[in-house]
Amino acid sequence: MIDGPYFVLTLLGALACGLTAGAFAAFSTFVMRGLAALPPAQGIAAMNSVNVTAVGPAFMAVFLGATGLCAVLAVVTFVLWPDEGTTELLLGCALHLVGSFGVTVAANVPRNNALAEVDPESAEGAAYWRTYVREWTAWNHVRGAASLAASACFIIALT
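Small disclaimer: the values here were computed from a predicted structure and weren't measured.

(A) Inspection of the packing of aromatic side chains at higher detail. Under the definition given, this model contains nine aromatic pairs. Through a chain of ring-to-ring contacts, three or more aromatic side chains come together here, namely F27, Y128, W129, Y132 and W136.

Rendered as structure tokens:
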């Protein structure tokens, strides 16, 4: 059984990934739907504001904290190679690092940057907004599912 500081690290990883999954689930289930229902210029302005706010301390502490915990947990797992839970721990780390952090960097952030550059009042801006909402939300589903699965892996490793 995992114990001591390794237990605490795994528990914190499970909690941080679970919190991240919850934030992503909120966006996928109602925030993006609400923004998509607005006229494009208003939706773009609101999402750009959200994107600026998201890189503040509150969300970044959770998101980057989960990422850091997963990176540390992966290294510790490789070094200690515990008798039980190794597969679950490494799978959880990979799910979050690739499926949540990696997807954020490769898919969501570039779309956020492109959205910040469009003219919200233009026809091109309105067209991009429809594409943005569809694609960003699809990738957000991936991030949310990966974070939730990572949390579940850590919990399984603790049992």
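Picking up where we left off.
(B) Geometry of a nonpolar patch on the surface. Together, V8, L11, L12 and L15 give the surface a local cluster of nonpolar side chains, amounting to about 330 Å² of exposed area. Looking at the secondary structure, you find V8 in helix α1 (residues 4–36).

(C) The arrangement of the nonpolar core in detail. Within the largest apolar cluster, 16 residues are counted, with the highest numbers of intra-cluster contacts made by I2, C17, L73, L89, C93 and F154. When residues of this core are traced back to their parent elements, those giving at least two are α1, α3 (57–80), α4 (86–117) and α5 (123–158). Those residues in contact with L89, other than ones at most four positions away along the chain, are I2, Y6, T10, L73, T77, P82, F154 and A157. Listed in part, the nine residues of the second largest apolar core include M32, M47, W129 and V133.

(D) Region of the structure containing the side chain of T86. Mapped onto the fold, T86 is located in helix α4. Among the polar contacts made by the side chain of T86, one reaches the main-chain carbonyl oxygen of P82 at a distance of 2.6 Å. Setting aside its immediate chain neighbours within four residues, T86 contacts T77 and W81.

About the criteria used
- Residues numbered from 1 in each chain as written.
- Predicted model: local features only at pLDDT ≥ 70, side-chain atom pairs only at ≥ 80, totals over all residues.
- Heavy atoms only, no water.
- Phe/Tyr/Trp six-rings, centres within 6.5 Å; stacked < 30°, edge-to-face > 60°.
- Patch = residues over 30% accessible without salt bridge, like charges linked within 9 Å, V, L, I, M, F, W, Y side chains within 5 Å.
- Areas by Shrake-Rupley, 256 points an atom, 1.4 Å probe, with all protein chains shown as cover.
- Salt bridge = Lys/Arg side-chain N within 4 Å of Asp/Glu carboxyl O.
- Helix = DSSP H or I, 4+ residues; strand = E, 2+ residues; numbered from the N terminus.
- Core = buried A, V, L, I, M, F, W, Y, C linked by side-chain atoms within 4.5 Å.
- Buried < 20%, exposed > 50% of the residue type's maximum accessible area, 1.4 Å probe, protein only.
- Contact = heavy atoms within 4.5 Å.
- Polar contact = N/O pair within 3.5 Å; in protein donor to acceptor, adjacent residues only side chain to side chain.

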